[in-house]
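Structural description and commentary
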Amino acid sequence: AQSVSQHNHHVILSEAASLELGCNYSYGGTVNLFWYVQYPGQHLQLLLKYFSGDPLVKGIKGFEAEFIKSKFSFNLRKPSVQWSDTAEYFCAVNGISYGGSQGNLIFGKGTKLSVKP
Amino acid sequence: KAGVTQTPRYLIKTRGQQVTLSCSPISGHRSVSWYQQTPGQGLQFLFEYFSETQRNKGNFPGRFSGRQFSNSRSEMNVSTLELGDSALYLCASGSKSAQYFGPGTRLTVL
């Protein structure tokens, strides 16, 4: 079965530290890739997405992600985190070539990020 | 534009009962998807509707069903509730570029 793996369950960083959250997926065909964020008490929000083209995509709030097809990875990065980045981050894949449709996202289990002020 | 709205926000039911949750998508969106979020299983896809037709379905028992109306509003129904159905149920409204999520309905089954 298709799956998405997020390597870290909980990451704790100090403000101004750099962030990299790992995401690997198991699809071999064409995929659309997403990172969503869920701030405490709020609903899921789209951070960034990759459909095609430049494998380095920039999202909101200074986040970026790099798609590496050979590694089936789509890691999320931010050069300098802030306390307000404390949230849970979800990687998601839409495997169009496997019969998925645009509304059928497969999510990773999420990574909780805690940023210490 | 108004976002995705879900009603009710909280529900408490007992085992064996049934429940209906409602979702109003972003204006102009014809795709509505439903997800179940639990601490143990994370976010799991339930089903997707597009123009009143179920386009895709996740691996959930037949007790979980849904429908979409001509105005794109969607409902999902869970019959014969079990304790394990306690979860946050999320609705997502879709365009070709992304899915936009509502605040969810927190269902507690006692």
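Details of the structure are given in the entry above.
So, here's what we can say about the structure. (Residues numbered from 1 in each chain as written. Chains lettered and ligands numbered in written order. Predicted model: local features only at pLDDT ≥ 70, side-chain atom pairs only at ≥ 80, totals over all residues. Heavy atoms only, no water.)

Topic: the pattern of salt bridges
For the structure on display, the rule yields nine salt bridges over all chains. The partner of R77(A) in a salt bridge is E66(A), with the nearest N and O atoms 3.1 Å apart. In this pair, R77(A) is assigned in strand β9 (residues 73–78) and E66(A) in strand β8 (residues 64–68), connecting sequence segments eleven residues apart. Among the ionic pairs, E48(B) bridges to R55(B), the shortest N-O distance being 2.7 Å. Classification of E48(B) as buried rests on a relative accessible area of 0%. Because the salt bridges share partners, they merge into one network encompassing K58(A), E64(A), E66(A) and R77(A). (Salt bridge = Lys/Arg side-chain N within 4 Å of Asp/Glu carboxyl O. Helix = DSSP H or I, 4+ residues; strand = E, 2+ residues; numbered from the N terminus. Buried < 20%, exposed > 50% of the residue type's maximum accessible area, 1.4 Å probe, protein only.)

Digging into the environment of A92(A)
Residue and element names in this part refer to chain A. Among the structural elements, A92 can be located in strand β10 (residues 87–94). Residues A92 and F72, spaced 20 residues apart in sequence, show a C-alpha to C-alpha distance of 13 Å. If we skip the residues at most four places from it in the chain, A92 touches N32, L33, F34, L105, I106 and F107. (Contact = heavy atoms within 4.5 Å.)

Regarding the side chain of S22(B)
Residues and elements named next belong to chain B. Residue placement: S22 occurs in strand β3 (residues 19–24). The buried category is assigned to S22, whose relative accessible area is 13%. Of note is the side chain of S22, whose polar atom sits 2.8 Å from the side chain of R73. Discounting residues that sit within four places of it in the chain, S22 has contacts with T5, Q6, T7, W34, R73, S74 and E75. (Polar contact = N/O pair within 3.5 Å; in protein donor to acceptor, adjacent residues only side chain to side chain.)

Topic: the interface of chain A and chain B
Contact residues are listed per partner, giving 18 residues for chain A and 22 residues for chain B. Here chain A packs against chain B, burying approximately 1,600 Å² in sum over the two surfaces, 52% of which is carbon and sulfur. Between chain A and chain B we count zero salt bridges in total. Here chain A and chain B share three residue pairs in polar contact (both at pLDDT 80 or more) between them. Mapped onto the side of chain A that touches chain B, the elements with two or more residues apiece are β5 (32–38) and β6 (45–50) of chain A. In terms of residues, the side of chain A that touches chain B owes the most to one element, β5(A), which gives three residues. Class assignment of the residues belonging to the side of chain A that touches chain B gives a composition of eight nonpolar, eight polar and two charged. (Buried area = accessible area lost by both parts, 1.4 Å probe. Nonpolar A, V, L, I, M, F, W, Y, C, P; charged D, E, K, R; others polar.)

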